[in-house]
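# Coordinate analysis (summary)
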Amino acid sequence: MSKKLTRDFYLEDAVLLSQKLIGKKLIHKTPFGTLSGMIVETEAYRGMDDQASHAYPNRNTPRTRIQFGQGGFAYVYKIYGMYDCFNVVTGEKDQPMSSLIRAIMPLEGLKEMYKFRKVKKEYDLGNGPGKLCAALKITKEQYGMDLCGDELYL
């Protein structure tokens, strides 16, 4: 059994951390049981100098505020008003970087994931940022959650 990642792991540049996240297990302890998947695709956002980042150019709003803290916290937001996306906040405080988890390979809780996603193929459970959030029951309720805790972690 592998160990839960510690805070030091997350205090890394978003590009480097995004690479290191590949192959890590994302675990969510829910009322439905443990749901997990192996991270197979990520995308890095380098904050203030990255025009694709929600924090560009130093945009500290209620939505992005978590990115301005230290790494190892969950940045969850909705896109198109309907799909949740899960990011791992990376780096040091006041350096708003994050890594979007784009896809997972489901590992635990598949029976529940099929109920949440209503698909036939296992591949379709987590092959996109909104899909993996639905499969793992990651919502805006997990925004700001400490990834070194016991509910949502790697």
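One can find the structure itself at the top, above this paragraph.
Cut-offs and rules
- Residues numbered from 1 in each chain as written.
- Predicted model: local features only at pLDDT ≥ 70, side-chain atom pairs only at ≥ 80, totals over all residues.
- Heavy atoms only, no water.
- Helix = DSSP H or I, 4+ residues; strand = E, 2+ residues; numbered from the N terminus.
- Buried < 20%, exposed > 50% of the residue type's maximum accessible area, 1.4 Å probe, protein only.
- Polar contact = N/O pair within 3.5 Å; in protein donor to acceptor, adjacent residues only side chain to side chain.
- Contact = heavy atoms within 4.5 Å.
- Phe/Tyr/Trp six-rings, centres within 6.5 Å; stacked < 30°, edge-to-face > 60°.
- Lys NZ or Arg CZ within 6 Å of the ring centre and 35° of its normal.
- Arc of directions from axis to C-beta.
- Core = buried A, V, L, I, M, F, W, Y, C linked by side-chain atoms within 4.5 Å.
- Disulfide = S-S within 2.5 Å.

### Looking at the side chain of Ser36
Structurally, Ser36 is set in strand β2 (residues 33-45). Relative accessible area serves as the criterion here: at 0%, Ser36 is assigned to the buried category. Looking at Ser36, its side chain comes within polar contact range of the side chain of Glu108, at 2.8 Å. Among all residues touching Ser36, those that are not within four sequence positions of it are Lys25, Leu26, Ile27, Pro106, Leu107, Glu108, Met113 and Leu136.

### A word on the packing of aromatic side chains
Per the counting criterion, the structure on display carries four aromatic pairs. Aromatic pair Phe9 and Tyr10: ring centres 5.5 Å apart, planes at 90°, arrangement edge-to-face. Here Phe32 and Phe116 contribute two aromatic rings whose centre-to-centre distance is 5.0 Å and whose plane-to-plane angle is 70°, an arrangement assigned as edge-to-face. Here the residue Phe32 occupies a position in the loop between β1 (25-30) and β2, and Phe116 occupies one in helix α3 (residues 110-117), the gap between them amounting to 84 residues. In this structure, Lys4 packs its charged tip against the face of Tyr153, placed 4.7 Å from the ring centre.

### Description of helix α2 (residues 14-21)
Those residues of α2 not exposed but buried are Ala14, Leu17, Ser18 and Leu21. Angularly, the buried residues of α2 cover 105° about the axis, an arc narrow enough to put them on a single face. The inward-facing, buried residues of α2 contact α1 (7-10), β2, β4 (83-90) and β5 (97-108). The backbone nitrogen of Val15 lies 2.9 Å from a side-chain oxygen of the residue at the head of α2, namely Asp13. Taken from the residues just after α2, Gly23 is the one with a positive phi, measuring 90°.

### Side note on unusual backbone geometry
With a phi angle near 55°, Tyr80 is a residue other than glycine that sits in the positive phi range. Considering the arrangement of structural elements, one finds Tyr80 in the loop between β3 (74-79) and β4. Located in the positive-phi region is Lys118, a residue other than glycine, with phi close to 55°. Within the fold, Lys118 resides in the loop between α3 and α4 (129-136).

### Re the nonpolar core
Core analysis: the largest hydrophobic core is formed by 26 residues, its most contacted members being Leu26, Phe86, Val88 and Leu154. Mapped by element, the contributors of at least two residues to this core are α1, α2, β2, β3, β4, β5, α3 and α4. Setting aside residues up to four positions removed in sequence, Val88 forms contacts with Tyr10, Leu17, Leu21, Phe73, Met97, Ser98, Ser99, Ile101, Leu147 and Leu154. Core analysis: the second largest hydrophobic core is formed by eight residues, Ile66, Tyr75, Cys85 and Leu100 among them.

### With respect to the state of the cysteines
Applying the stated criterion across every chain, the model contains zero disulfides. Left unpaired, Cys85 is separated from the closest cysteine sulfur, that of Cys133, by 6.1 Å. Among the residues examined, Cys133 registers a relative accessible area of 1% and is labelled buried.

### Side note on the side chain of Ser98
For Ser98, the position within the fold is in strand β5. Of the residues examined, Ser98 reaches a relative accessible area of 1% and is grouped as buried. Side-chain polar atoms of Ser98 contact the side chain of Gln67, separated by 3.4 Å. For Ser98, the contacting residues outside a window of four places in its chain are Ala14, Glu43, Ala44, Tyr45, Gln67, Tyr75, Asn87, Val88, Val89 and Thr90.

Spatial relationships are all this shows, so hold off on functional conclusions.
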